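Read off the chains here:
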Amino acid sequence: MRVSFASLVVLTLLLFLADFAGVPKAYVNGFFLVASIIGYAVIGLFCRTTAPEEYFVAGRRVSAPLNGMATAADWISAASFIGLTGLLLSDGFVGDGEHPGGLAYLLGWTGGFCLLGFLFAGKLNRSQSITIPEFLGRRFDSAAVRWFAAWGAILCSSIYLVAQIYGIGLVASMLSGLTFELGVFLALGGVLLCSFLGGMRAVTWTQGVQCVVIVVSMLALCVAVSFKTQGHPFFTVAAAQSLPQIQARAKQIEVDPAEQSTREVISLRMSNLDAKIADPVYAREIERQAVVRQVARAKADNAPLREIQKFESNPAWREPSVDRLVGAWQSERVMLAEAIYRPVGFQVPYLEGWNQGWLNSLALVFCLMLGTAALPHILVRSYTTATPVDAERSVVWALGIIVLVYLCASSLAVLLKSFVLTELVGAHMDQLPEWADRLKLRKLALLSIQDYNQDGIVQFADIRLFNDYLVLGVPEITHISAVFTGLLAAGALAAALSTADGLLLTISNALAQDLYFQTTAPDAPPLRRVMLSKILLMVVALLAAWFATNRPVSILFWVTCAFSLAASTFFPVMLLGLYWRGMNRVGALLAMGSGLSMSLYYIAVNHPWVQMRLQLHSVDTVWWGMDPVCAGVFGVPTGLLLGFLGSKLTSFKN
Amino acid sequence: MHQAPIAPASEAPNPSTTIDVTALPARSLWGVAGLVVLTVGSMGLAWRFPDATLLHFLWVAQAVPVLYFFLAWWGTRPSRPHDVS
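Secondary structure summary: chain A contains 27 helices and two strands in total. Across the 654 residues in chain A, those meeting the buried criterion constitute 56%. Contacts in chain A between residues at least 24 apart in sequence constitute 82% of all its contacts with a sequence separation of at least 6.

Written out as structure tokens, the structure is:
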């Protein structure tokens, strides 16, 4: 670890020198990408193994600090490393009164490790199992429980994995200038070399190094931005110093007549969209006629091709299917609603404390905490230490590292907000700050600005920040060296790759160990088990990459759904199974099945695509105003209740 | 200590170890209670005073995660003699 830290520092210093010497930024960024991937692949090569104990559980002798670092890297995903700062910046701390704010994510993602340490880590280690489904199968002496748990683990991990690979593609394409698809496959090569050759042993060492990269990149960035804004390295203090100015500026913006007029224009557009969505066939005809007239006029005036293409990009002209057209209008409406409902500062003005947002925030914290404690790829790390005490200590190490990264992320959100409010809001559309122009025009745009009220001035509601990956633009926004872009992207890549590594191993081991060998070849020799796991790992990685390149996803949404699903599927059965002697296999199956079904149903029935297909309305499908990502708030109690009742009833019968 | 039955050898790759089903240790129970109180209390404070942004940042976003760390450290300290073995 010391070597990796020293190498990273030396590499960064060398690249600082290269930056000062005028080496193009693309080369500096590209170097970070290539060096990272090669480094991880080399570790995979050095740690290659075919011994089952090494491949599946790293020999069960990983020390608590290293296991903690690996767990932290495994856990800090693209969503939390790249997305949390953008989320806090955009949604504020306590939300908009209806949806959860950024604080809910922060507390849920950290508090879950307390539950993991208190409830599960030591007990799992003591069981000496290899996978979570195997552990449950042994606990309840049931192949059916193991089979069901394997599918649950595959489902939760696959959703999470696609979101990670999407994140890998974003970062790799941003660093290398390659297309998104090529970026995905390039970075995936690094993941595969590592986890394919060395399994858990290689993944543990790689994740240890990735943890160093994640922490150093986040800390270095935060310290640099703190220096830039307040002249000292204490980022928490710098953020606290900036907050009063941000609040004063936010109040000024909120009462600005130009801001009000922008919001009125946006509200009017939303009403128009509502009317179109209500009668899409008629609206499409009217829009198409308007486009025909606009294009004819533009051609008659010899307008540039770009202007004609702009008219033709109207979804009513472009989309042949009414369903897709309605989908496009709904997406536009969501984007407009975000523009006017998100807070200018860190909270919406005149917010009443006890509102739907409070309930949603509590529900989200519940789902994220229980999900963190029940994610199979995190739980499996408890098997790799020598003793139960080490497993519990490693959870504390992991939490310490994660807390450090999150302290940076929340401070960064505050510091970044001051740049947006002071430099961008109020600027002339034709004299934007240099960074805004750059972020707008990048292949992977981090920002878009539309002058809704046509006054030539940027208002807050005109700005759309792409939260999922906005943090990648921090060095440009805050005017610090371009080397930080590469360093930050290396950190983001490490976060996404490390999580993808852990998820791939979990999925392939569930497929090979818990499904194939359990049912088809229970007496298969160990070498065959390892080889099949490796082959399945490659197949799963390629499938996930293909899925990610075909379907753009919101990283944060799907990651949060994965937490709800994991909490509903595994938390009730683990809790009752480990601490209640009366829990039996019927109860276990009922707990997993009902929890998973309930959460899946709630997420699916509230998804816009499903609602459009089945002609459903949110008013009928949303229960007590709960966001779909909080599905676990229904799934976990259902699983606990049915697990308890199922066990009680069958034990009476017996 | 009550032991749950273990699976047959074909199903369990390492059948020499058993899975123990015990009551939740007192320290863990107190840890979970502390986690609930700290989380709900801090969120209640933040949502009760939605305009107090500095409080949200310093207490909920910065101090509470650090307190979680100390809580996890305290709650996972070995309290049973066989834990350290």
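Read on for the rest.
Summing up its helical and strand segments, chain B has two helices and two strands in all. Look at the contacts in chain B between residues 6 or more apart in sequence, and 40% of them connect residues 24 or more apart.

Quick look at the environment of A:Val633 now. All names here are of chain A. Inspection of the secondary structure assignment puts Val-633 in helix α27 (residues 632-653). On the basis of neighbour counts, which here come to 27 C-beta atoms within 10 Å, the residue Val-633 falls in the buried class. Along the primary structure Val-633 and Ile-165 are separated by 468 residues, whereas in three dimensions their C-alpha atoms are 27 Å apart. When neighbours within four sequence positions are excluded, Val-633 is seen to be in contact with Ala-363, Phe-366, Cys-367 and Met-626.

On to the interface of chain B and chain A, then. With 48 residues of chain B at the contact, the number on the chain A side is 56 residues. The leading source of residues in the side of chain B that touches chain A is helix α2 (residues 53-75) of chain B, at 17 residues. Counted by class, the side of chain B that touches chain A contains 31 nonpolar, 12 polar and five charged residues.

Moving on, we come to the domain arrangement of chain A. Here chain A is described as being made up of domain 1 (2-238 + 352-421 + 480-549) and domain 2 (257-341). Each of domain 1 of chain A and domain 2 of chain A has a C-alpha centre, and the two are 40 Å apart.

A word on the packing of helix α10 (residues 235-254) of chain A against α2(B). Interhelical geometry of α10(A) versus α2(B) gives an angle of 155 degrees and a closest axis separation of 9 Å. Considering their axes alone, α10(A) and α2(B) lie roughly antiparallel with respect to each other. In terms of crossing hand, the pair formed by α10(A) and α2(B) is right-handed. Of the residues in α2(B), those touching α10(A) at A:Thr236, A:Ala239, A:Ala240, A:Leu243 and A:Gln247 are B:Thr53, B:Leu54, B:Phe57, B:Leu58 and B:Gln62.

A word on the environment of A:Leu182. Mapped onto the elements, A:Leu182 comes out in helix α9 (residues 180-230). For the pair formed by A:Leu182 and A:Val291, sequence separation is 109 residues and the distance between their alpha carbons is 36 Å.

Once that is clear, we can look at the confidence of the model for chain B. Residue and element names in this part refer to chain B. Here chain B averages 77 in pLDDT, and 71% of its residues register 70 or above. Taken element by element, chain B is modelled with least confidence in strand β1 (residues 2-3), mean pLDDT 40, and with most confidence in α2, mean pLDDT 93. ipTM for the predicted complex: 0.88, alongside a pTM of 0.87.

Let us now look at the nonpolar core. Across soluble globular proteins, nonpolar side chains have a tendency to be buried as a group. Residues and elements named next belong to chain A. Grouped together as the largest cluster of nonpolar side chains are 233 residues, with contacts concentrated most on Ile-165, Ile-168, Ile-214, Ile-402, Ala-492 and Leu-493. Counting contributing residues, this core receives three or more from each of domain 1 (2-238 + 352-421 + 480-549) and domain 2 (257-341). The contacts of Ala-492, once residues within four sequence positions are left out, are Ala-78, Phe-81, Ile-82, Val-171 and Leu-472.

The next subject is the packing of helix α16 (residues 356-372) of chain A against helix α1 (residues 26-48) of chain B. For the pair α16(A) and α1(B), interaxial distance at closest approach is 11 Å and the crossing angle is 155 degrees. Here α16(A) is positioned roughly antiparallel relative to α1(B), judged by the angle of their axes. Along this stretch, α16(A) crosses α1(B), giving a crossing that reads as right-handed. For the pair formed by α16(A) and α1(B), the contact residues are A:Trp358, A:Ser361, A:Leu362 and A:Val365 on the first element and B:Thr39, B:Met43 and B:Trp47 on the second. In the contact of α16(A) with α1(B), the residues fall into five nonpolar, two polar and no charged.

A positive phi angle is found at A:Arg60, which is not glycine, with a value near 55 degrees. Classification of A:Arg60 as partly exposed rests on a count of 18 C-beta atoms within 10 Å.

Residue and element names in this part refer to chain A. Compared with an ideal rise of 1.5 Å per residue, which puts 21 residues at 30 Å, helix α12 (residues 280-300) spans 30 Å between its outermost C-alpha atoms and is within 8% of the ideal. Burial of α12 is sparse: only two of the 21 residues sit out of reach of the surface. Directly beyond the C-terminal end of α12, a positive phi value near 55 degrees is found at Asn-302.

The terminal C-alpha atoms of α16(A) lie 24 Å apart, and with 17 residues this matches the ideal 24 Å at 1.5 Å per residue to within 8%. In terms of burial, α16(A) is a largely internal element, 15 of the 17 residues being buried.

Time to look at the confidence of the model for chain A. Overall, the predicted model of chain A reaches an average pLDDT of 85, with 95% of residues at or above 70. Looking over chain A, one finds the lowest element-wise mean pLDDT in helix α1 (residues 2-20) of chain A, namely 66, and the highest in helix α24 (residues 585-605) of chain A, namely 94.

Calculation criteria
- Residues numbered from 1 in each chain as written.
- Chains lettered and ligands numbered in written order.
- Predicted model: local features only at pLDDT ≥ 70, side-chain atom pairs only at ≥ 80, totals over all residues.
- Helix = DSSP H or I, 4+ residues; strand = E, 2+ residues; numbered from the N terminus.
- Buried ≥ 20, exposed ≤ 12 C-beta atoms within 10 Å, placed from the backbone.
- Contact = placed C-beta atoms within 7 Å.
- Nonpolar A, V, L, I, M, F, W, Y, C, P; charged D, E, K, R; others polar.
- Domains from an automatic or database assignment.
- Axes fitted to C-alpha atoms, helices over the stretch in contact; angles between N-to-C directions.
- Parallel < 35°, antiparallel > 145°, perpendicular 65-115°, else oblique.
- Left-handed = near helix turned anticlockwise from the far one by under 90°.
- pLDDT = per-residue confidence, 0-100.
- Core = buried A, V, L, I, M, F, W, Y, C linked by C-beta atoms within 7 Å.
- Expected span 1.5 Å × (residues − 1).

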